[in-house]
Amino acid sequence: MNLSRFTRAGSAVAVGVLALSLAACGSDPEPADSASGDGAAESTETDSGEEMASLAGQLSGGGASSQEAAMNAWRAGFQQANPDATINYDPVGSGGGRTGFGDGSYKFAGSDAALDDEELAAAEAQCGEGGVIEFPGYVSPVAVAFNLDGIDSLNMQPETIAGIFLGEITSWDDEAIAADNPDADLPGTAITVVHRSDESGTTENFEEYLHVAAPDVWTAEPSGVWPVDGQESAQGNSGVVGAVQAGQGTITYADASQVAELGTVAVGVGDEFVEYSAEAAAEVVAQSPRTEGTSDFVYTIELERDIPGTYPIALVSYSLACTTYADEATAELVRGFLTYLVSEEGQQAAADAAGSAPLSDTIRQAILPGIESISAG
Amino acid sequence: MSAVTGTNATDSSARTRALLTAADPGRRRTDRIMQGLIWFAFAIAMVPLAWLLWTVTVEGVGRMSIDFLSLSMRNIFGGDPGGGIYHAVMGTLIITGIAALISVPVGILTAIYLVEYGKGWLARSVTFFVDVMTGIPSIVAGLFAFSLFALFLGPSVRMGIVGAVALSVLMIPVVVRSCEEMLKLVPNELREAAYALGVPKWLTIVKVVLRTSVAGLTTGVLLAVARVIGETAPLLVTVGVTDSINLNPFEGRMMTLPVFTYRQYQQGYAPCPAGESATCVADIAFQNAWGAALVLIVIVLTLNLLGRLVNRWFSPKLR
Amino acid sequence: MAQRIDVKDLNIYYGDFLAVQDVSMTVEPQSVTAFIGPSGCGKSTFLRTLNRMHEVIPGARVEGSVELEGVDLYGSDIDPVAVRRNVGMVFQRPNPFPTMSIRDNVLAGVKLNNKRISKAEADDLVESSLHGANLWNEVKDRLEKPGSGLSGGQQQRLCIARAIAVKPQVLLMDEPCSALDPISTIAIEDLIGELKSEYTIVIVTHNMQQAARVSDRTAFFNIAGTGKPGKLIEMDETSTIFSAPAQKSTEDYVSGRFG
Amino acid sequence: MTITDSPPRAGVRPVRRRRSSDRGFNRAFRWISHGAGITILVVLAAVALFLLWQAWPAITAGGEQLATSVPRFPADTSLLAYVGPLVFGTLLAAVLALCLAVPVAIGIALFISHYAPRRLAQLLGYLVDLLAAIPSVVYGLWGFLVLAPVLTPFWLWLNENLSWVPLYGGQASTTGRAMATVGVVLAVMILPIITAVSREVFLQTPKLHEEAALALGATRWEVVRTAVLPFGRSGVISAAMLGLGRALGETMAVLMILSPGFSYSLDILAAGQHQTIAAYIAADFPESTGLGINTLIATGLALFVITLAVNMTARWIVSRRKEFSGAN
């Protein structure tokens, strides 16, 4: 037993020393606001929220990775108000979120696409008689970003964007680009398209935009999987942005909060070119009609891509929850969390953290009754 | 006469000198070239390795602080430069520790079985299947552990122990293989010498075989731990992610350092209003990723060093 | 063919440790010289300085000179590789290359020289070397089998065949029979007797009867105590050493009254 | 090995323990170690069953059914045609990495075991051991953020000047996120493993054989060639297999670096041509449902089979040389 004694003694000592030294000083961080106020700020913060007792327990959800940055803000805000509650969110992707919600492993979920009929049926079966709540919790512009020395912004018509991403426009000094940018000093650099390699709601949204805005050029049906072969691609928003930064003459689409110092495209809508901004994206959502024929608690949007003055490539990411849960604690947690999520405070926190567009009051008023109806059944 | 002998002596001396100095230039050149290539191999290998360590250190050291090591990421989001990796460090230590507790005894005992007892179909199939097992992709090991536990505990199961089981599946074959190699290197003379003294077989294995190969076994186990401590994919599907501290491997999600690194990298840039740099750092997620990578490497380094010291202190002085 | 070795004032060190002190001797060509002495007295160490194998061990070095036909082996223009080619060596334990066949083992040294020899020449060399080592008749039917399949005595003779295949001038043997049974030992001893007509042979042995049987001259090494350097006590005709040695300690050793 | 467990004879130096308990311990010890071996079989059987069970629906489903339910599945093909490019990509990455890593690893192992000054050698060996522990996610981070941009000009140069070499053809990636970069990173990743094992084996070369070669007048390189390398051959092969295993199954580094694509192209400098199985599973698993998951697991099964084939080949090579190996 010498060997096992010694190696185990070794690793035990190692782990033990590390564990002890770390366990002695580890903790969850104090809320940033309360650092000065000796913890007194904590209680006032709780009071400023809902008129209810502090919630406790663990709640796990998952889904669209686009929501992650905002979700981090929501979770933090909610956990600060309810120190005994822990909210987890697995950014596994929209499909994973919908599946997990359907089989009950996620109590709430985020999805970049609305549930289709089949998924809705599965979710309703899981949730029970009360049915499903679905609403747009997160609206964010998708920027078309590029890396060209000395150029911060370019104007492009939807057909031009589609041509570039299809690989038909291959050089930055192509006429189609030059025509809309008479003042820009366009280099002859080859265009390198970078797209998302994972299945993603951002991709689906962008494809959908191209399909609607430039139907003659972009003929592929949007599916979440990039239809063009042999192009550069990368994992996640940070991946595509990193790839674009690494190359010259590269272009991609990514959640607007990610594009950092890259150049961005002002997208042609009608006769004008619109730079991406949270406000312009919010406008699209506000002016697009709600999907008809759904239940009261399902608030989904039919995005219109050609409303003048709005930024048409807006990602609308939905939140999913049940109206009834098996136990009171879960129901309260979900209700409390979603209430915070759609509240003005929550939406502002997301805007600060993820550059998203806060929900309009109209939409908030339309979805709050659904959230408030969440109960144990 | 003497003159003749003298000439003969000088002659043979000159011939001998010619023999002893006439090294074949071709052979000498080959020797030189190979020596150069071997030094060069080492040099070019050291470049990326040193470069990587240097990058991780330079990028990661800026994030190092007591807070970074002793706080979790609970309630930290966006460009907030606060918080730390405490939860991930503990998660990694606990999960890897459990994986090692499962794998090391099974692995070493299997190696002993193969080297000392193994005969017939069972030994052949164990050898064969250990080989097969090394081929399990890490993500598949994760899926296996997940579905095993999900069978009993439902699909929302995310616990440290599930990750530890996944890591064990990856770790056991590595332990078996390296320990088998090491045990095989123990000369049979030693075993026979022990038997000749009337020492029973199990005691021979423990006192002679294991003791002789303890250094090699430690290396093997360390390599195996090193192999799994940085695994990301299987932990993503089995342990999940969390921002809060959880020291209980049997309940709730845990964070681990590799997963933390990957998650932070994936979060990418945080949107920061211009001018406000103190409370919002745009690339904080990348800094966190590099910082966690540095800590992960330091932990591995420390474990290695401790392992070696223990090995040096305890292994028998054969020479 | 065979060459004379003159050793003058040789000190052998491992790092700072003086292992063998102040040896001077002459080894005659076409004769067998035996080194005897108690364990640890430095006779093997000394033997290894004769073909510069000693310096393979890190930190090992020598002072003084070893001359082969008047050429200092440690001269600055001397290539140690060439020295080892000219001064062959047979080791305590037989060590044929396990990955090579018997034939390849014999040819190993020649092949290292990049010499392009025809198959016929190679066959001749294999046959003559194995004949020289008295092994031909035993292995001629299995030349392509691995050398490790032979018995200990056969392996040792294979090693001798391998050593003489490169046609050295001197053959050093470091206790060549200590790992062998008596019958193999006799075979090797007979072989040594045959080989001395062509080579200068130096043999280290623990076995005084063996020294008496095979050698023409014998050198006795001794050590004063642990940590002290080994020394050459005396060297003379074998018959003199065993019947009327000049030194008391030699007499004690050869008559078994040692210690 | 052939010694049986007969009780010690009286008269031999007494052993501390009594015979009956010895026999008990012997039996217990034998059973414990047998049990460990059997545990492995059970675990593996469980994993294999799980793989087969999960892959079965995809294997039995027709191409049409798969095409409708798996997003990336091209119409009018079979499962084999779908897995094919992935298998090709996996093999290409691993072989590329192995070709780059093995000569260098042997060089380093020889350097540490036979060339470097002894004091230094121990330190370097230690260094290499530590480097085996760098997690793949860190390699991915480094490869993506640091290495790829640095290698890009070199790849572009190769593409421009040596495009007649089959591997360097095609349209070179301007971001360096191509198979060539992955190959380099994977090579760096498996280098420490191959080195560590080879070094151990080289250090075990019997002194006798090295001295035999030296005494025949071999130069240092010739000693290595005649004594060290042949002795270490099977060790190096198994080291390379360990490395290959890691390269074949490597997930994170490939996932983070490579621009994936699905083709049989040999253009390792071009983006969007290749994908490896492990990275593919990791990338698509979260978003997959139903038959999609089964299909992914089926690709995992393919990876499994590849590794198996590689292992069998290696085993065959080793056993063919066993006759000539010096061990016992």
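Scroll up to find the structure.
Predicted model only: the values in this text are computed from it and were never measured.

About the cut-offs
Residues take numbers from 1 onward in each chain, read along the sequence in its written order. All chains are assigned letters beginning at A, and all ligands numbers beginning at 1, according to the order in which they are written. pLDDT decides what is reported in this predicted model: residues at 70 or higher carry local features, side-chain atom pairs at 80 or more are listed and counted, and totals for whole chains, interfaces and linings draw on all residues regardless. Note that the side-chain values use all heavy atoms of the structure and ignore hydrogens as well as water. Contacts were defined at the residue level, with two residues in contact if any of their heavy atoms lie within 4.5 Å. Once two parts are put together, the accessible area they lose, assessed with a 1.4 Å probe and summed over both, is termed the buried area. Criterion for a salt bridge: a side-chain nitrogen of Lys or Arg within 4 Å of a carboxyl oxygen of Asp or Glu. The definition of a polar contact used here is a pair of N or O atoms within 3.5 Å, where within protein one atom must be able to donate a hydrogen and the other to accept one, and adjacent residues in sequence count solely through side-chain atom pairs. Numbering goes from the N terminus for both helices and strands, where a helix is a DSSP run of H or I of at least four residues and a strand is a run of E of at least two. Here the nonpolar group is Ala, Val, Leu, Ile, Met, Phe, Trp, Tyr, Cys and Pro; Asp, Glu, Lys and Arg are the charged ones; every other residue, Gly included, is treated as polar. Patches here: salt-bridge-free residues with over 30% relative accessible area, like charges joined within 9 Å, nonpolar side chains (Val, Leu, Ile, Met, Phe, Trp, Tyr) joined within 5 Å. In this description, accessible areas are obtained by the Shrake-Rupley approach with a 1.4 Å probe, and a residue is regarded as covered only by the protein chains that are shown. The charge count includes Lys and Arg as positive and Asp and Glu as negative, but it does not include His or the ends of the chains. Taken as the charge centre is NZ of Lys, CZ of Arg, CG of Asp or CD of Glu, depending on the residue. Strand pairing is defined by DSSP finding a minimum of two bridges between the two strands. Exposure categories follow from relative accessible area, calculated using a 1.4 Å probe and restricted to protein chains: below 20% of the type maximum is buried, above 50% is exposed, and the middle band is partly exposed.

Visitor: I would appreciate a short explanation of the interface of chain B and chain C in the present structure.
Guide: For interface size, the figure often reported is the accessible area lost on association. Counting residues at the interface gives eleven residues for chain B and 18 residues for chain C. Summed over both partners, the interface of chain B with chain C comes to about 1,300 Å²; 49% of that surface belongs to carbon and sulfur atoms. When the buried area of chain B at its contact with chain C is split by residue, R17, L20 and R27 of chain B rank highest and sum to 49% of it. Taken together, chain B and chain C are joined by one salt bridge. Note that R28 of chain B is salt-bridged to D79 of chain C, the shortest N-O span being 3.6 Å. The tally of links from chain B across to chain C stands at zero residue pairs in polar contact (both at pLDDT 80 or more). Where the side of chain B that touches chain C is concerned, the elements lending two or more residues are α1 (2–21) and α2 (25–61) of chain B. Here the element with the most residues in the side of chain B that touches chain C is α1 of chain B; it accounts for seven residues. In the side of chain B that touches chain C, the residues fall into three nonpolar, four polar and four charged.

Visitor: When you look at a negative patch on the surface in this model, what are you seeing that I'm missing?
Guide: Among the surface-exposed residues, E292, E302, E304 and D306 of chain A lie close enough to one another that they form a single negatively charged patch. Examined against the element boundaries, E292 of chain A turns out to sit in the loop between α10 (278–287) and β11 (314–322).

Visitor: Help me understand the sheet that holds strand β3 (residues 32–36) of chain C, please; the structure alone is not making it clear to me.
Guide: By definition, the strands of a sheet pair up through backbone hydrogen bonds, in either a parallel or an antiparallel sense. If you walk across this open sheet you meet the ten strands as β5-β4-β1-β2-β10-β9-β3-β8-β7-β6 (chain C), and the pairing is mixed. Single-partner strands in this sheet number two, and they are β5 (71–72) and β6 (87–90) of chain C.

Visitor: Would you explain the pairing of strand β1 (residues 5–14) of chain C in this entry?
Guide: Regular strands place side chains that alternate from one sheet face to the opposite one. All names here are of chain C. The element β1 is extensively covered by neighbouring structure, given that seven of its ten residues are classed as buried. Pairing between β1 and strand β4 (residues 60–68): eight bridges, direction antiparallel. Across the sheet, the residue bridging to I5 is L68, located in β4. Alignment of β1 against strand β2 (residues 17–27), held across seven bridges, turns out to be antiparallel.

Visitor: Any chance you could explain a nonpolar patch on the surface here in plain terms?
Guide: A surface patch of nonpolar side chains, amounting to about 380 Å² of accessible area, comprises I33, L37, F40 and I44 of chain B. The residue I44 of chain B is located in helix α2 in this model.

Visitor: For this particular structure, what's the right way to read the pattern of salt bridges?
Guide: Opposite charge on two side chains makes pairing possible when the charged atoms of those side chains draw close. In total, this model carries 28 salt bridges over all chains according to the counting rule given. Among the ionic pairs, E180 of chain B bridges to K184 of chain B, the shortest N-O distance being 3.6 Å. Here K184 of chain B and E180 of chain B lie together in helix α7 (residues 160–184), a separation of four residues that amounts to about one turn. Taking relative accessible area as the criterion, E180 of chain B reaches 12% and is therefore assigned buried. Among the ionic pairs, R157 of chain C bridges to E138 of chain C, the shortest N-O distance being 2.8 Å. You can see R157 of chain C sitting in helix α6 (residues 152–165) and its partner E138 of chain C sitting in helix α5 (residues 136–139), a full 19 residues away along the chain.

The values reported here are purely geometric and, on their own, carry no functional implication.
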